[in-house]
There are 2 protein chains.
Amino acid sequence: MSYSIIAAELHKALLDQDTDLVQTLASELTPADIALIGGHEPNTRLASLLSCLPLDKRAATLGYLEPQEQLAATADMPVEELAELVAHMSADERVDYYKRLDKDRQQPLLKALPSAVRDDLKKLARHAEGTAGAMMTSSFMAIPAYYSVARAMQTLRLKGADVETIYQIYCIDTSGLFLGTLSLRELILASSDTQLAELMTEEVIWVAVDTPQEEVARLIARYDLLALPVLEGERLVGIITYDDAMDVAEEEATEDMHKGMSIGKLGGSLRTASLFELYRKRVVWLVLLVFANIFSGAGIAYFEETIEAYIALVFFLPLLVDSGGNAGSQAATLMVRGMATGDVRTRDWAKLLGREVAVAIGLGLTMALAVSVVGVFRAGTEIAMVVAMSMVLIVIVGSLIGMILPFILNRLGWDPATASAPLVTSIADASGVLIYFAIATAVLGLPV
Amino acid sequence: MSYSIIAAELHKALLDQDTDLVQTLASELTPADIALIGGHEPNTRLASLLSCLPLDKRAATLGYLEPQEQLAATADMPVEELAELVAHMSADERVDYYKRLDKDRQQPLLKALPSAVRDDLKKLARHAEGTAGAMMTSSFMAIPAYYSVARAMQTLRLKGADVETIYQIYCIDTSGLFLGTLSLRELILASSDTQLAELMTEEVIWVAVDTPQEEVARLIARYDLLALPVLEGERLVGIITYDDAMDVAEEEATEDMHKGMSIGKLGGSLRTASLFELYRKRVVWLVLLVFANIFSGAGIAYFEETIEAYIALVFFLPLLVDSGGNAGSQAATLMVRGMATGDVRTRDWAKLLGREVAVAIGLGLTMALAVSVVGVFRAGTEIAMVVAMSMVLIVIVGSLIGMILPFILNRLGWDPATASAPLVTSIADASGVLIYFAIATAVLGLPV
């Protein structure tokens, strides 16, 4: 059966409260799929879906749910049952779930957990959200560097089922300090009496517990790492695996896209966000931009006489100012994304600015040509000339605003993504109004 | 020495043409780092940096360079030298490089390659760009399913150095057909006389050679896969590893961000794109939008008498129409990104539309409040009322346009990301002009 058929059958079985069928269908699905299907069900049905799963799969599925769905699915679960479930989650997902709980549910849960799990959870929960410490799992394969390959393989067979990954092995000294790493591939290819110390690399790419998560994702992607060790002092306290880096990269891209449109960071997914959260994350900049756009209005008011004398000018106002905003938003987006992926560095900026001017001149001339056709037809050659000249200048100025703003914000220590399309557009609009009417006033020979 | 110090030293050593020092410094860097540093050097220096590296590292570094940098770095290389280098690249990077070469360089290179490499390259090069076939590598660990664990481990030790990954093992039957997979972890934890057939999973997540690359990236991220098998019929022809999926996900996010601002897909990075490419990818929509914005101008012209009677109305025009465009762009971005990440599905749409209306009413009322303060102060209560009423309606209509447009485009078989901020803004602007002046004409009691 294909995924979509099973998904539809599962939905029906949940509606019918046919527990046996739910179990059978769920056994053919991965935890990721079950979470996706369950996330679209109302809370009570999601909870009953979870209860049909064997413990390990239930714990894995809980880890795949969206934050709000996790809380909803476990809201009515007795604390002993919850503790058993949570104890079976992977260490990094457990701490994420734990942090999302209300304070008054956290304490009873902690008490009900086995002491080893509790200590691990407390240790991981110390780290601030958005840092390597909050992403990492404490379950990794650490082996003393003086072990031989054969002994290391024996250790792997003994403990390998319980750790997040066995494909990267972390070598420690007798006091537990971190020495270096080797891959399981290197271990398997080496002769069995070699010491790990001879095989391991000491030049390891690592991060500190407080390294920001976007930096973690960038390092894992850049060096094609399977897992990245997290150190606290000289002690290895956790690892972050590639799959978590992928999730963070997706999250960061979403955040940057939203920021590019002046939307604040959502706590979870769009689907599960509350109405008030959606309102709150959008309203701040929208209101600020209303005030920013007063400058454009003031610019128009200043040139009232010009407008009254040549009311035909107003016809071209939207297309001129929007063109500057569009070209500027494009330039800003290219810059901001280039900076985020590491493609563009601060010291490339002068060169890129030069290139942008060249491109903007080309864009401006093409657009001026397009608009002057309309201009001649609609309002005569004189106004068409004003409009064409304005277009070139407005596009160039708009592009420069889009290029320069992210760098200024970056210099001020802000996220360059704050140079959102709406902000660039507002600034470009005001400039556009001034450029247009100033040229019109000069060319058409009106008193200001 | 830290990375940035080595990078600066390396730059200096390249300037001084100090080959020994370049070699020493490069030996401390990973291929990813060397590629990043070399990519910022002029072509001749990049070529001489490559020539200082041992063959394997040179091949790996070439794989990490941007497309244009690859071509520049190898442009003057004699074909025998190039063939030796290319033969040492990983199979998937080799074919990417090969496809980027001019036709008249491809043929001599093919001839100079060892025949096994040539055949592999030809086979991989058949697949269209952007498909699983073009992403995959032909170097994976296939083992007959009737092998015992011990024999499989022996095979791994023998051939494990040459394949892309040994952490996922692909089981085949005696005629080479694909049967199932198991992880190296499962292999290591199993007892040595078990047959692979007993251990392997037959319910494998796989793709066809023509599956689009974004679907590949989505599957790898969703199921946290280390590698995804690619089938042609029942035959396993390649695998795609997580690191390639990460690169594709980043590329797709960049493409979507650019598309969201009406910028076409760039062939490589912003840094290495030609001026003409940048111009060409931006100008098409910019010119189309100039014509789209004529509607706003026409709207204004239609209400010429209203404007002449109440010239103060023009003061509020930019902030009103921009507000509609901003709210609409936000809604479109939330939708488009939600659809791209799989967070939002087509059948969630009606529910999301209802939520958007509720949020938009809240946003509109808040912004109306903000603008009416300015309105009363600037133009009296009557115009303030017109402006506030218009704001509420414009924000709601703008939001709806932003919500609906991606879905309409999707239905028409277009990429929903075509509902870019500039396009949404243009449509919202024209609606905004009509709403504003229609309300003004009605409330202020003017003849149209």
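Keep in mind that this is a model prediction, so the values were computed, not measured.

A. Quick peek at the overall build of chain A. A tally of regular secondary structure across chain A gives 22 helices and 6 strands. With the C-alpha coordinates of chain A rotated into their principal frame, the extents come out at 90 × 60 × 45 Å. Sorting the 448 residues of chain A into buried and exposed places 56% on the buried side. Put simply, of all contacts in chain A between residues at least 6 apart along the chain, 67% involve residues at least 24 apart. Accessible surface computed for chain A: about 18400 Å², of which carbon and sulfur atoms make up 57%. Treating the 34 positive side-chain charges of chain A as one cloud and the 55 negative ones as another, the clouds have centres 3 Å apart.

B. Structural context of the interface of chain B and chain A. Each partner contributes residues to the interface: chain B has 112 residues there, and chain A has 112 residues. Roughly 10200 Å² is buried in total at the junction of chain B and chain A, and carbon and sulfur atoms are behind 65% of that figure. Scanning the region where chain B abuts chain A turns up 6 salt bridges. Between Arg 282 of chain B and Glu 356 of chain A there is a salt bridge whose closest N-O contact spans 3.0 Å.

C. Seen up close, the relation of the copies chain B and chain A. Between chain B and chain A, the superposition needs a rotation of 180° and an axial shift of 0.0 Å, giving an RMSD of 0.1 Å. Such values leave the two copies arranged in the relation of a two-fold axis. In this assembly the copies share their binding face: 100% of the residues contributing to the interface of chain B also contribute to that of chain A.

D. Representation of empty space enclosed by the protein within the structure. Evaluated as defined, the whole model comprises 5 cavities of 30 Å³ or more. Taken as a whole, the largest cavity spans an internal volume of roughly 310 Å³. Taken together, 27 residues make up the lining of the largest cavity; nearest its centre are Met 257, Gly 260 and Met 261 of chain A together with Met 257 and Met 261 of chain B. Top element by residues in the lining of the largest cavity is helix H20 (residues 313–341) of chain A. It accounts for 6 residues. Of the residues contributing to the lining of the largest cavity, the split by class is 15 nonpolar, 8 polar and 4 charged.

E. Representation of the UniProt feature "transmembrane region" (unreviewed entry) in chain A. UniProt marks residues 283–303, 309–336, 357–377, 383–409 and 421–446 of chain A with the feature "transmembrane region" (unreviewed entry), using the numbering shown here. Segment residues 283–303 of chain A splits into 90% helix and 0% strand. End C-alpha atoms: 31 Å apart.

F. Main features of the UniProt feature "domain: CBS" (unreviewed entry) in chain A. As recorded in UniProt, the feature "domain: CBS" (unreviewed entry) lies at residues 200–255 of chain A. The distance separating the terminal C-alpha atoms of residues 200–255 of chain A is 38 Å; by composition the span is 43% helix and 27% strand.

G. Spotlight on the pairing of strand S5 (residues 227–232) of chain B. All names here are of chain B. Taking burial as the measure, the 6 residues of S5 include 5 buried ones, the bulk of the element. Relative to S5, strand S4 (residues 207–208) runs parallel, the two sharing 2 bridges. When the sheet's bridge partners are listed, Val 207 is paired in S5 with Val 230. In terms of strand pairing, S5 meets strand S6 (residues 235–241) through 6 bridges, oriented antiparallel. Each residue of the ladder has a partner; that of Ala 227, found in S6, is Thr 241. A loop of 2 residues connects S5 with S6, the two strands running antiparallel in sequence, and Gly 233 in this loop sits at a positive phi of about 65°.

H. A look at the pairing of strand S2 (residues 168–172) of chain A. Residues and elements named next belong to chain A. Buried residues dominate S2, accounting for 5 of its 5 residues. Where burial is concerned, the two faces of S2 agree: the one with Gln 168, Tyr 170 and Ile 172 and the one with Ile 169 and Cys 171 are both buried. When strand S1 (residues 142–144) meets S2, the two strands line up parallel, connected through 3 bridges. What sits directly across from Ile 143, in S2, is Cys 171. At this point the chain moves from S1, through helix H12 (residues 149–159), to the parallel S2, and the crossover so formed is right-handed. The sheet contact formed by S2 and strand S3 (residues 178–183) spans 5 bridges and is antiparallel. Paired with Tyr 170 across the two strands is Thr 181, which belongs to S3. As consecutive antiparallel partners, S2 and S3 are separated by 5 residues, and within that stretch Gly 176 has a phi angle of approximately 90°, a positive value.

I. How the structure looks around the environment of Trp 206 of chain B. Residue and element names in this part refer to chain B. Mapped onto the secondary structure, Trp 206 falls in the loop between helix H14 (196–199) and S4. Residues Trp 206 and Val 397 lie 191 residues apart in sequence; the distance between their C-alpha atoms is 44 Å. Apart from the residues within four sequence positions on either side, Trp 206 is in contact with Leu 228, Pro 229 and Leu 231.

J. Quick look at the sheet that holds S4 of chain B. Overall, mixed pairing links the 3 strands, which are arranged S4-S5-S6 (chain B) in an open sheet. Across the chains shown, the open sheet's two edge strands, defined by having one partner strand only, are S4 and S6 of chain B.

K. The pattern of salt bridges, seen in detail. Counted according to the given criterion, the structure contains 26 salt bridges over all chains. Here Asp 16 of chain B ties to Lys 12 of chain B by a salt bridge, and the two come within 3.6 Å at their closest N and O atoms. The class of Asp 16 of chain B is partly exposed, set by a relative accessible area of 49%. A salt bridge links Arg 45 of chain B to Glu 41 of chain B; the shortest N-O distance between them is 2.8 Å. Its relative accessible area of 8% is what places Glu 41 of chain B among the buried residues. Among the charged side chains, a network of salt bridges with common partners joins Glu 69 and Arg 271 of chain A together with Asp 343 of chain B.

L. Just the packing of helix H15 (residues 213–222) of chain A against helix H16 (residues 242–259) of chain A, in detail. Residue and element names in this part refer to chain A. Relative to each other, H15 and H16 sit at 120°, their axes nearing to 9 Å. With respect to each other, H15 and H16 are oriented oblique. The handedness of the crossing between H15 and H16 is left-handed. Note on element contacts: H16 touches H15 through Tyr 242, Ala 245, Val 248, Ala 249, Glu 251 and Glu 252, opposite Gln 213, Glu 214, Ala 217 and Ile 220. A class-by-class count of the residues in the contact of H15 with H16 yields 6 nonpolar, 1 polar and 3 charged.

M. Structural view of the sheet that holds S3 of chain A. Residues and elements named next belong to chain A. The strand order S1-S2-S3 describes an open sheet built from 3 strands, whose pairing is mixed. Each end of this open sheet is capped by a strand with a single partner; those strands are S1 and S3. Going across the sheet, the axis of each strand differs from the next one's by a mean of 35°, ignoring polarity.

N. The arrangement of helix H9 (residues 103–112) of chain A in detail. All names here are of chain A. Looking only at H9, the buried set comprises Gln 106, Leu 109 and Leu 110. Along the long axis of H9, the arc covered by the buried residues comes to 100°, so they all point the same way. In H9, the exposed positions angled more than 90 degrees off the buried face are occupied by Asp 104 and Lys 111. On the buried face of H9, the contacting elements are helix H7 (79–87), helix H8 (91–100) and helix H10 (115–125).

O. Looking closely at the environment of Glu 93 of chain A. Residues and elements named next belong to chain A. Relative to the elements of secondary structure, Glu 93 occurs in helix H8. Take Glu 93: its relative accessible area is 24%, and that puts it in the partly exposed class. Linking Glu 93 and Ala 60, residues 33 residues apart in sequence, is a C-alpha distance of 8.9 Å.

P. Quick peek at the domain arrangement of chain A. When the domains of chain A are assigned, the result is domain 1 (3–129), domain 2 (142–248) and domain 3 (293–444). If you average the C-alpha positions of domain 2 of chain A and of domain 3 of chain A, the two centres end up 52 Å apart.

Q. Looking closely at H10 of chain A. All names here are of chain A. Among the residues of H10, those classed as buried are Val 117, Asp 120, Leu 121 and Leu 124. In an axial view of H10, the angular spread of the buried residues amounts to 100°, which keeps them on one side of the axis. Where H10 is buried, its residues contact H7, H8, H9 and helix H11 (132–135).

R. A look at the packing of aromatic side chains. Taken as a whole, this structure holds 20 aromatic pairs over all chains when the rule is applied. Measuring from ring centre to ring centre gives 4.9 Å for Trp 349 of chain B and Phe 407 of chain B, while their planes differ by 40°; the resulting arrangement is tilted. One aromatic cluster is present, built from ring pairs that chain together Tyr 302, Phe 303, Tyr 436 and Phe 437 of chain A. Above the ring of Phe 315 of chain A, the side-chain terminus of Arg 378 of chain A is found at 4.0 Å from the ring centroid. One cation-aromatic arrangement involves Arg 151 of chain B over Tyr 147 of chain B; the distance from NZ or CZ to the ring centre is 3.8 Å.

What counts, and where the lines are drawn
Residues numbered from 1 in each chain as written. Chains lettered and ligands numbered in written order. Predicted model: local features only at pLDDT ≥ 70, side-chain atom pairs only at ≥ 80, totals over all residues. Heavy atoms only, no water. Helix = DSSP H or I, 4+ residues; strand = E, 2+ residues; numbered from the N terminus. Buried < 20%, exposed > 50% of the residue type's maximum accessible area, 1.4 Å probe, protein only. Contact = heavy atoms within 4.5 Å. Areas by Shrake-Rupley, 256 points an atom, 1.4 Å probe, with all protein chains shown as cover. Lys, Arg positive; Asp, Glu negative; His and termini not counted. Charge placed at Lys NZ, Arg CZ, Asp CG, Glu CD. Buried area = accessible area lost by both parts, 1.4 Å probe. Salt bridge = Lys/Arg side-chain N within 4 Å of Asp/Glu carboxyl O. Least-squares fit on C-alpha atoms with pLDDT ≥ 70 in both. 1 Å grid on protein atoms, 1.4 Å probe; cavity = no way out; pocket = protein on both sides within 12 Å on 5 of 7 lines; lining within 4 Å. Points joined across faces, edges and corners; volume = space filled by probe spheres on them. Nonpolar A, V, L, I, M, F, W, Y, C, P; charged D, E, K, R; others polar. UniProt positions renumbered as here; feature names shortened; annotations may be inferred. Pairing = 2+ DSSP bridges. Right-handed = clockwise from strand over helix to strand, strands pointing away. Axes fitted to C-alpha atoms, helices over the stretch in contact; angles between N-to-C directions. Parallel < 35°, antiparallel > 145°, perpendicular 65-115°, else oblique. Left-handed = near helix turned anticlockwise from the far one by under 90°. Arc of directions from axis to C-beta. Domains from an automatic or database assignment. Phe/Tyr/Trp six-rings, centres within 6.5 Å; stacked < 30°, edge-to-face > 60°. Lys NZ or Arg CZ within 6 Å of the ring centre and 35° of its normal.

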